[in-house]
Amino acid sequence: MRRINWVAGGLGSLSLLAQFSLKAEAELPHSSNSSLDLAVDTLSPPLRLPSRVDIFNSAALAKAEIENGSTLLEFAHDPAIAPAKFTQSIAQLPSSFSNPTAPVADRLATDDSAMAQVNSVSELSDVQPTDWAYQALKSLVERYGVVTGYSDGTFRGQQALTRYEFAAVLNAVFVKVNDLITTNQTSDLDPEDIETLRQLQSTFSPALNDLRDRLADLDGRTSELEANQFSTTTKLQGQAIFAPTIGTQASLELVSRVRLDLLTTLQPDALLLTQLEMGNGRTDAIGEVHNRDQNLLGTTGLLADAGGVEYAEVTETPRIRKLYYTFRPQPNLAVSIGPKIVPSDFIDRNPFANNSGIDFSSGFFVNNPLIVQNQIDRFGGAGIALDWQLSDSWALRSLYAAADGDNPQQGGLFGDRNQGSVELEYSINSTSSVQLQYTSATLNDTQIEAAGINAHWALDRTVAVFGRYGFGSYQGFNSVLAQNLDLHPQTWALGVVFRNLVIPGSLAGAAVGQPFITSNLGDATQTNFELFYNLSINEHFSVTPTFMLVTNPNNNATNPDIWQSTLRTVFTF
């Protein structure tokens, strides 16, 4: 959509308003079915409503988004679709939350699109007396009171104007003029303004009628939502994955996992997250090979999560996987604390490889296995996480989680099976960033030290690349393996992601990597490959064919190479 100057075209004066209407008619696209259409950027996500729509303060429903899971990709880092970082202001739950596997940080985002009536042009911080449209804007505010500003005190005159916004402002002018006529204050009306309004009313009559119908429908939908809402303070979100899978030396299996998120807001800048999880306990072909001997590098591996689909081997017994409370003591600092902290919610996040329900299915391509320890992340642990936005470009995050923090016999909060991590992120620009990471962990009496790097780069709106690398040490007697470990592993993964490949709204990706490179474990190095193609059927349902290949499973050359195909179906609600 072309950039249209709101001030110059729509709010300069009623005469300029009339001139703008002709310009808008010429520039904004129409369909054959309606004279009031959405001006949609051809690079925007499909079926997306304009994020600046604010009709009579009903923005929360009017700007509803249609997304695939959480967000397909953040290639342009559109603030309306990109996952919000912990360091953003958290004022309310956004309508864009639809991914129950995303961290609380992604759900606490500021909606600064709320607009309010302006009583004086001086209230708008970005409008100066030297601006060429200042007097015209001042006249509209003082004579008709139809100008609105954003909640941050700005007018944003250079921001794009949708046909809905223009129709809403025009309707407000009509209401104001009718009030003046009804109260016999016609002396305040300029005859030229009345003639201008007649022309505009004729031009935008279909748009205004459509707008009124939409508002009437909105009132009904709002009343229905209020009458049937789950809770006044708690929002329920869910994700169900059903995935038939078949592979080398394995029969057809149906793997499933269901997650329910309860998001409770007791204060506008705080959120309590409770996540329940259950599955059917089934495994895939890759998992079967890993589980034949000591499962070192499988989905539930003792040393790393580098197996097949991440949603396999989830027990049938419902359990609490996440339970923590997030609040903001300072505007640039978010704190999360609770008995079930999941490290991957806070560190090693990547917009292109971080969600097994949307992008890559393998846990290895979702997280660095040395930085995010499998035994902590898969089940959660008691602890605390901090997210500190140092500046627009720099962010510092840290966390501590103890998997057996609720069991004093296992050492409690500071006993065995714990992980402490720190991460420094530098956002190079809106399309690329680099994260430096360090993890210190104790698992089964083995001391683990690891460092890593996570980077991504969106080449354009449709193609992005990412990579992870890590190195570390595993030292000491492992009580589960019953052997002394002296390992110095390395890990790496590289991938590319394509958006709108062949089919609009689709998401495709390919990745390759080696999860645990060391000469002291096995006689070979396991290598993982994955291809996927995510096709979003609608905002609640997606289908993703996935193909995986794992060579030398568990770093063992005697294990067969495993080919696996999976059809991941995801329902979100």
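Residues numbered from 1 in each chain as written. Predicted model: local features only at pLDDT ≥ 70, side-chain atom pairs only at ≥ 80, totals over all residues. Heavy atoms only, no water.

Undergrad: I would appreciate a short explanation of the overall build of the chain in the present structure.
TA: The secondary structure content of the chain amounts to nine helices and 19 strands. Out of the 573 residues in the chain, the part that is buried amounts to 53%. Carbon and sulfur atoms form 57% of the exposed surface of the chain, whose accessible area is close to 24100 Å². (Helix = DSSP H or I, 4+ residues; strand = E, 2+ residues; numbered from the N terminus. Buried < 20%, exposed > 50% of the residue type's maximum accessible area, 1.4 Å probe, protein only. Areas by Shrake-Rupley, 256 points an atom, 1.4 Å probe, with all protein chains shown as cover.)

Undergrad: Could you clarify how one ought to interpret the confidence of the model for the chain in this entry?
TA: Fine structural detail should not be taken from predicted coordinates in areas where pLDDT scores are low. For the chain, mean pLDDT is 78; residues scoring 70 or higher make up 76% of the total. Of the regions scoring below 50 in pLDDT, residues 1–102 engages in 283 contacts with residues more than four places distant in sequence or in other chains. (pLDDT = per-residue confidence, 0-100. Contact = heavy atoms within 4.5 Å.)

Undergrad: It is not clear to me how the pairing of strand 15 (residues 490–499) should be interpreted in this structure. Could you clarify?
TA: Looking down a regular strand, the side chains alternate between one sheet face and the other. Here strand 15 shows one buried face, formed by Thr491, Ala493, Gly495, Val497 and Arg499, and one open face, formed by Gln490, Trp492, Leu494, Val496 and Phe498. Sheet analysis places strand 13 (residues 463–478) next to strand 15, joined by nine bridges and oriented antiparallel. From the neighbouring strand, Ala464 faces strand 15, where its bridge partner is Val497. Summarising the sheet, strand 15 and strand 16 (residues 507–517) pair through nine bridges and their orientation is antiparallel. Its bridge partner being in strand 16, Ala493 is matched across the sheet by Gly513. (Pairing = 2+ DSSP bridges.)

Undergrad: Looking at this model, I keep getting lost on a nonpolar patch on the surface. Mind explaining?
TA: Among the surface-exposed residues, Trp388, Leu390, Trp394, Tyr426 and Ile428 lie close enough to one another that they form a single nonpolar patch of about 480 Å² accessible area. Tracing the backbone shows Leu390 in the loop between strand 8 (381–389) and strand 9 (394–402). (Patch = residues over 30% accessible without salt bridge, like charges linked within 9 Å, V, L, I, M, F, W, Y side chains within 5 Å. Salt bridge = Lys/Arg side-chain N within 4 Å of Asp/Glu carboxyl O.)

Undergrad: Would you take a moment to explain the pattern of salt bridges for this structure?
TA: Two side chains that carry opposite charge are able to pair once their charged atoms sit near each other. In total, this model carries 14 salt bridges according to the counting rule given. As a salt-bridge pair, Asp210 and Arg214 come within 3.3 Å of each other at their nearest N and O atoms. Placement of the pair is Asp210 and Arg214 together in helix 6 (residues 191–228), with a separation of four residues, close to one helical turn. Sharing partners across several salt bridges, the network here consists of Arg257, Arg259, Glu277, Glu310 and Arg319.

Undergrad: Any chance you could explain the environment of Ser542 here in plain terms?
TA: Position of Ser542 relative to the elements: it lies in strand 18 (residues 541–551). Separated by 28 residues in sequence, Ser542 and Val570 place their C-alpha atoms 5.3 Å apart.

Undergrad: Mind showing me how you'd approach the nonpolar core here?
TA: Note on soluble globular proteins: their nonpolar side chains tend to be buried together. Judged by nonpolar contacts, the single largest core of 44 residues is most densely connected at Leu303, Phe360 and Phe516. Beyond its immediate chain neighbours, meaning those up to four positions away, Leu303 contacts Leu296, Leu297, Gln373, Tyr474, Leu481, Leu485, Leu487, Phe516 and Leu521. Counting 14 residues, the second largest nonpolar core, distinct from the first, contains Ala250, Val255, Ala285 and Val550. (Core = buried A, V, L, I, M, F, W, Y, C linked by side-chain atoms within 4.5 Å.)

Undergrad: Is there a simple way to explain the environment of Asp404 in this structure?
TA: Tracing the backbone through its elements, the reader meets Asp404 in the loop between strand 9 and strand 10 (418–429). It is 9.9 Å that separates the C-alpha atoms of Asp404 and Phe379, two residues lying 25 residues apart in sequence. In this structure, Asp404 is in contact with Gln410, Gly412, Asp416 and Arg417, ignoring residues within four places of it in sequence. Separated by 3.0 Å, the side chains of Asp404 and Arg417 make a polar contact. (Polar contact = N/O pair within 3.5 Å; in protein donor to acceptor, adjacent residues only side chain to side chain.)

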